[in-house]
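Remarks on the overall topology
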Amino acid sequence: MIQSLRGMNDILSEDYKRFTYFINTATDVAQKYGFHFIETPLLEETALFKRSVGESSDIVGKEMYQFIDKGENDVCLRPEGTAGVVRAFIQKKLDKAGGTQRYFYHGSMFRYERPQKGRLRQFHQFGVESFGVDSVYEDATMIMMVSDILKRCGIGYRLQLNSLGDQNCMPQYRDSLVTFIESCEDEICEDCKRRKDTNPIRVLDCKNAKCQSLYENAPKLLNSLCESCESDFSKLKKILDDNAIKYEIDTNLVRGLDYYSKTAFEFVSDNIGSQSAIAGGGRYDRLVEFLDGRPTPAVGFAMGIERLMELIVMPESKREGYYLGAMDEEALDMIVGLTHKKRSSHKATCDFKAKNLKNHLKGADKVNAKFCCVIGTNEIKDGTIWVKDLEAKSEKVILLKDF
Ligand code: HAM
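Residues numbered from 1 in each chain as written. Predicted model: local features only at pLDDT ≥ 70, side-chain atom pairs only at ≥ 80, totals over all residues. Heavy atoms only, no water.

An unreviewed UniProt entry lists the protein chain under the name Histidine--tRNA ligase, from Sulfurimonas aquatica. Quoted verbatim from the Sequence similarities (unreviewed entry) field of the UniProt record, the comment on the protein chain reads "Belongs to the class-II aminoacyl-tRNA synthetase family." Under the UniProt heading Subunit (unreviewed entry), the note attached to the protein chain is "Homodimer." (UniProt positions renumbered as here; feature names shortened; annotations may be inferred.)

What follows is the structure, encoded as structure tokens:
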């Protein structure tokens, strides 16, 4: 039997309810914040991700579904959504339009990671990207939006916050970090040795326990911020305090993608095991320019839908719509016709087999219908339909012309 590929899941029935409930809730929140839907292709030129997410990142270095297509183009399945949205923003010349532009999206992302609970090779994100606002109020707005979505889904979280500095203060910090790494280079893991040369700040979120304990003495990013980054970060914390959003400062939070500067944040859950990040984002003021667009400040986030589906508290599902059934072969055509009529304004399902009343009531229950409606020989004779309200537990006979 052919099975799905490792780390690639089907989403059906109960899972699908959670999936659509999340998308609908997050879409509603994003629209309330003034964001518009954008859809970008699943397949893009590999160069897009190399230049944005960064060649030194694990995502690009190890995890891309990359291949040469029939036209000899080097392409890959998108590992994340930001790069494609920025490409579309520049391609459609929206960077030249000026002003503020805010987008949200959802869809599949692909990363060839080692599959485990909460870590898939094809997973779904809900994300937003905001262009044109360099105020830290927009960073706070992103965080408020994630917080609102999680609250509406009944999901608790811890918010971790950091500032990665900008082109003024980051290079100096990087130099001091490299000097520190060199002082203990013999003791760090092979990955960190490689990171020292490609992207030194990534050593800070190395999972190796020995490295972690060594880096406790490393220079701290937050102590190296320039005046403007420092003042933005203080302002961000104040806005969050004023709006009762709790956070923890994590000076080792560097994110796995290279395009960030200044604000970086992650929302984590303590209730889903080791893959605990449920959302992540931050500011990426230089990416539009880096991909050949007009310099445009930007900030955004993405949420991992599969991880959130484990945590969503679904509202009690209410009975809805009609279930129609025939007790006699003769009534089947009528049932199909009436179901078709009802569907113009209600959810309606019907059974194509004549059955006794008990079985139809079971069928109505299975699809969680509010009304079970049945036609047998008596009803055909009288031109009526028997209707039971399964919520109120009341029943009546209605003339077909009034149904
Ligand atoms: P990210 O942190 O790489 O950020 O991914 C965002 C979220 O996607 C994670 O917090 C996690 O919930 C989920 N996720 C990531 N990898 C997997 C996986 N293998 N299996 C299941 N879920 C996963 C980004 O992708 C950035 N584009 C976010 C962003 C938007 N920054 C600015 N704008």
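Glancing now at unusual backbone geometry. With a phi close to 60°, K93 is a non-glycine residue in the positive phi region. Unusually for a residue other than glycine, D292 sits at a positive phi of about 75°. Looking at the element boundaries, D292 is found in the loop between α11 (287–290) and β11 (298–304). (Helix = DSSP H or I, 4+ residues; strand = E, 2+ residues; numbered from the N terminus.)

Another aspect to go through is the nonpolar core. Counting 50 residues, the largest nonpolar core has F131 and Y215 as the members making the most contacts within it. In terms of residue count, helix α4 (residues 82–91) provides more of this core than any other element does, six residues in total. In contact with Y215, not counting residues within four places along its chain, are F180, I188, C192, V203, C206 and K220. Counting residues in hydrophobic clusters, the runner-up holds 46 residues, among them A30, C153, L225 and F267. (Core = buried A, V, L, I, M, F, W, Y, C linked by side-chain atoms within 4.5 Å. Buried < 20%, exposed > 50% of the residue type's maximum accessible area, 1.4 Å probe, protein only. Contact = heavy atoms within 4.5 Å.)

Let us look at the site of the ligand. The full set close to the ligand counts 25 residues, and E80, E113, E129, Y260 and A277 are the nearest of them. Within the backbone of G304, a nitrogen or oxygen atom sits 3.3 Å from an oxygen atom of the ligand. Burial of the ligand by the surrounding chains reaches 96%, relative to a free accessible area of 660 Å². No other element matches strand β10 (residues 277–283), which puts five residues into the shell around the ligand. (Near = heavy atom within 4 Å. Polar contact = N/O pair within 3.5 Å; in protein donor to acceptor, adjacent residues only side chain to side chain. Areas by Shrake-Rupley, 256 points an atom, 1.4 Å probe, with all protein chains shown as cover.)

Take the domain arrangement of the protein chain next. By domain assignment, the protein chain separates into domain 1 (13–169 + 225–311) and domain 2 (322–402). Taken over C-alpha atoms, the centre of domain 1 sits 48 Å from the centre of domain 2. (Domains from an automatic or database assignment.)

As a further point, take the pattern of salt bridges. Within this structure, the stated rule accounts for 28 salt bridges. The partner of R87 in a salt bridge is E44, with the nearest N and O atoms 2.7 Å apart. Linking R87 in helix α4 with E44 in strand β2 (residues 43–45), this pair joins segments that are 43 residues apart in sequence. The closest approach of N and O atoms between D232 and K262, which form a salt bridge, is 3.1 Å. Note that D232 is positioned in helix α10 (residues 227–242) and K262 in the loop between β8 (248–249) and β9 (263–268), a separation of 30 residues in sequence. By relative accessible area, D232 is classed as partly exposed at 22%. (Salt bridge = Lys/Arg side-chain N within 4 Å of Asp/Glu carboxyl O.)

A few words now on the sheet that holds strand β4 (residues 74–77). Spatially, β2-β4-β3 is the arrangement adopted by the three strands of the open sheet, whose pairing is antiparallel. Edge positions in the open sheet fall to β2 and β3 (66–68), since each of these has one partner strand only. Mean inter-strand twist for the sheet, computed between neighbouring axes without regard to direction, equals 35°. By the bridge criterion, three bridges tie β3 to β4 in an arrangement that is antiparallel. For F67, the partnering residue across the bridge sits in β4 and is V75. Those strands touched by helix α2 (residues 46–54) are β2, β3 and β4, and its axis lies near 75° from that of β2. (Pairing = 2+ DSSP bridges. Axes fitted to C-alpha atoms, helices over the stretch in contact; angles between N-to-C directions.)

At their nearest, the axes of helix α6 (residues 136–152) and α10 sit 9 Å apart, and the two run at 40° to each other. The angle between the axes of α6 and α10 places the two elements in the oblique class. Between α6 and α10 lies a crossing whose hand is right-handed. Contacts between α6 and α10 involve V136, Y137, D139, A140, I143 and M144 from the former and D232, K235, L236, I239 and L240 from the latter. When grouped by side-chain class, the residues that make up the contact of α6 with α10 number eight nonpolar, no polar and three charged. (Parallel < 35°, antiparallel > 145°, perpendicular 65-115°, else oblique. Left-handed = near helix turned anticlockwise from the far one by under 90°. Nonpolar A, V, L, I, M, F, W, Y, C, P; charged D, E, K, R; others polar.)

This structure, assessed with the given rule, holds 15 aromatic pairs. Here the aromatic rings of F22 and F126 are separated by 6.2 Å at their centres, their planes lie at 90°, and the arrangement is edge-to-face. Pair noted here: F22 is in helix α1 (residues 13–32) and F126 is in strand β6 (residues 122–131), with a separation of 104 residues, a long-range link. A residue is classified by how much of its surface remains accessible, and F126, at 0% relative accessible area, is buried. Through a chain of ring-to-ring contacts, three or more aromatic side chains come together here, namely F89, Y103, F131, Y259, Y260 and Y284. Over the ring of Y322 we find K342, and its NZ or CZ is 4.7 Å from the ring centre. The ring of F403 is capped by K342, whose NZ or CZ atom sits 4.5 Å from the centre of that ring. (Phe/Tyr/Trp six-rings, centres within 6.5 Å; stacked < 30°, edge-to-face > 60°. Lys NZ or Arg CZ within 6 Å of the ring centre and 35° of its normal.)

Below, the discussion takes up α6. Residues three or four positions apart in an α-helix share a direction because the helix packs 3.6 residues into each turn. Here α6 contains 17 residues, and its C-alpha end-to-end distance of 24 Å stays within 8% of the 24 Å for a straight helix at 1.5 Å per residue. Counting buried positions along α6 yields 12 of 17 residues, so the element is predominantly enclosed. Taken together, the buried positions of α6 are V136, E138, D139, A140, M142, I143, M144, M145, V146, S147, I149 and L150. Remark: G154 follows α6 within two positions and exhibits a positive phi of approximately 70°. (Expected span 1.5 Å × (residues − 1).)

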